[in-house]
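So the chains spell out like this:
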Amino acid sequence: MTEPLATPAEVRLLARDRHAVIFAHNYQRAEVQSVADVVGDSLELARRAAAVSAEVIVLAGVRFMAETAKILAPAKTVLLPRSDAGCPMADMITADQLSAWKAEHPGVPVVMYVNSSAEVKALTDVCCTSANAVEVVRSLGADKVLFGPDRNLGAWIAAQLPEVEMILWDGYCPVHDQVTLERVREAKAAHPGAPVIAHPECRPDVTAEADAVLSTSQMLRWSAKAGEPEIIVVTEGGLLTGLAKAAPETRFIGLTPPMLCPNMKLTRLDHVRDALRDLSGAVSVPPDVAAAARGSLERMTAIG
Ligand code: CIZ
Ligand code: SF4
């Protein structure tokens, strides 16, 4: 027998029964965002996870986000509705690779994007997100920094902080890195005068073409203030849901074909319902890894 499709009301009732909160990343499907207590970027979700009083957190996103919530809220049950929702960028650096890289550069501080495994965070001095990356690197006051896994975000930070030598790991987000300057120029030609906002996971030639280079939370705030009739958005298409709410008067133009992260799109309302009903998909992080990773995350949240 096939199960009926989950309804938003059913999911909210289950959440209440389970003393659960639902956190959804900005890139999630609209149906998942619609039942969430909190929709945000990974920094906002991490902060809220640490402060939540509920017993269960459903993290609709990808694995590193659920791990981060578990690390910051170890007493909570953190459920990842799709256990196969990973992040290819996070898989581009392993703990062994990071150890070897550190050994080649003794004494150089290590900053890792939160899009990384708990084991990698455990070997990191301080984590960052795209919303606070420049601030985090600046705060170190170092003349050299090892940065990974995203070479594009690293190049963006380097452009903002010319005084710091950024040694970059060669990882990237397959969704953002495949955007070409040509596609952005096509969108500009079709929508003359519309500003371009681009995510720093895009390649340097794309970010150089943008009017503003912003994390997802910054895009939401920027667009709400901008009062523009049209804005060209160069990030994963799930953000269009939040942008339409943040600035209802603005028409948001995504690229063609749309930028869609297959991992972010795995989670549907049914999976959120199943996780809540069965309390399935609990993530665990070994205590020693979690303790070390918590240090690098807390050093980040203390900065910005
Ligand atoms: O940090 C995040 O949540 C990601 C993956 C993107 C962004 O800019 O918010
Ligand atoms: Fe990873 Fe890119 Fe998907 Fe974000 S959009 S989860 S960085 S693959």
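Heads up: these notes are all about the structure in this document.

Cut-offs used in this document
- Residues numbered from 1 in each chain as written.
- Chains lettered and ligands numbered in written order.
- Predicted model: local features only at pLDDT ≥ 70, side-chain atom pairs only at ≥ 80, totals over all residues.
- Heavy atoms only, no water.
- Pairing = 2+ DSSP bridges.
- Helix = DSSP H or I, 4+ residues; strand = E, 2+ residues; numbered from the N terminus.
- Axes fitted to C-alpha atoms, helices over the stretch in contact; angles between N-to-C directions.
- Polar contact = N/O pair within 3.5 Å; in protein donor to acceptor, adjacent residues only side chain to side chain.
- Contact = heavy atoms within 4.5 Å.
- Near = heavy atom within 4 Å.
- 1 Å grid on protein atoms, 1.4 Å probe; cavity = no way out; pocket = protein on both sides within 12 Å on 5 of 7 lines; lining within 4 Å.
- Sits in = over half its atoms within 2 Å of the grid points.
- Areas by Shrake-Rupley, 256 points an atom, 1.4 Å probe, with all protein chains shown as cover.
- Nonpolar A, V, L, I, M, F, W, Y, C, P; charged D, E, K, R; others polar.
- Buried < 20%, exposed > 50% of the residue type's maximum accessible area, 1.4 Å probe, protein only.

1. Notes on the sheet that holds strand β7 (residues 144–148)
- An order of β6-β5-β7-β8 is seen for the four strands of this open sheet, with the pairing classed as parallel. Two strands in the sheet have a free side with no partner beyond their single neighbour: β6 (126–128) and β8 (165–168). With direction set aside, neighbouring strand axes in the sheet form an average angle of 30 degrees.
- As paired strands, β7 and β8 are joined by four bridges and run parallel to one another. Bridge assignment links V145 to a residue of β8, and that residue is M166.

2. Let's talk about the side chain of D177
- On the secondary structure map, D177 appears in helix α9 (residues 174–177).
- For D177, the side chain forms a polar contact with the side chain of N152, separated by 2.9 Å.
- The residues touching D177, leaving out its near neighbours within four places in the chain, are R151, N152, Y172, E201 and R203.

3. Re the site of ligand 2
- In the region of ligand 2, the neighbouring residues are C87, P88, N115, C173, P174, E201 and C261.
- According to the grid-proximity analysis, the pocket containing ligand 2 is the largest pocket.

4. Focus on the site of ligand 1
- All residues adjacent to ligand 1 are H25, Y27, D41, S42, S130, H199, S215 and T216.
- T216 has a polar side-chain atom sitting 2.4 Å from an oxygen atom of ligand 1.
- For ligand 1, whose free accessible area comes to 270 Å², the fraction covered by protein is 98%.
- Mapping ligand 1 onto the cavity grids shows that it belongs to the largest pocket.
- A breakdown of the residues in the shell around ligand 1 according to their chemical character gives one nonpolar, six polar and one charged.

5. Re unusual backbone geometry
- With an omega of -15 degrees, the peptide bond running from G148 to P149 counts as cis.
- With respect to the helices and strands, the residue P149 is situated in the loop between β7 and α8 (151–160).
- Residue P257 is bonded to the preceding T256 through a cis peptide linkage, with omega at -10 degrees.
- With respect to the element layout, P257 can be found in the loop between β12 (251–253) and α14 (269–278).
- Despite not being glycine, H19 has its phi angle at roughly 50 degrees, a positive value.
- Along the chain, the position of H19 falls in the loop between α1 (8–17) and β1 (20–25).
- In this structure, L279 is a non-glycine residue whose phi angle is positive, near 45 degrees.
- Within the fold, L279 resides in the loop between α14 and α15 (287–303).
- According to the relative accessible area criterion, L279 is partly exposed, its value standing at 37%.

6. As for the pairing of strand β11 (residues 230–234)
- Counting buried residues in β11 gives four out of five residues, a clear majority hidden from the surface.
- Alignment of strand β9 (residues 196–198) against β11, held across three bridges, turns out to be parallel. Within β11, the position partnered with V196 by the bridge is I232.
- Two elements, β11 and β12, share three bridges in a ladder whose sense is parallel.

7. Points about the sheet that holds strand β10 (residues 212–213)
- Spatially, β10-β9-β11-β12 is the arrangement adopted by the four strands of the open sheet, whose pairing is parallel. The two strands at the open ends of the sheet, each matched to only one other strand, are β10 and β12.

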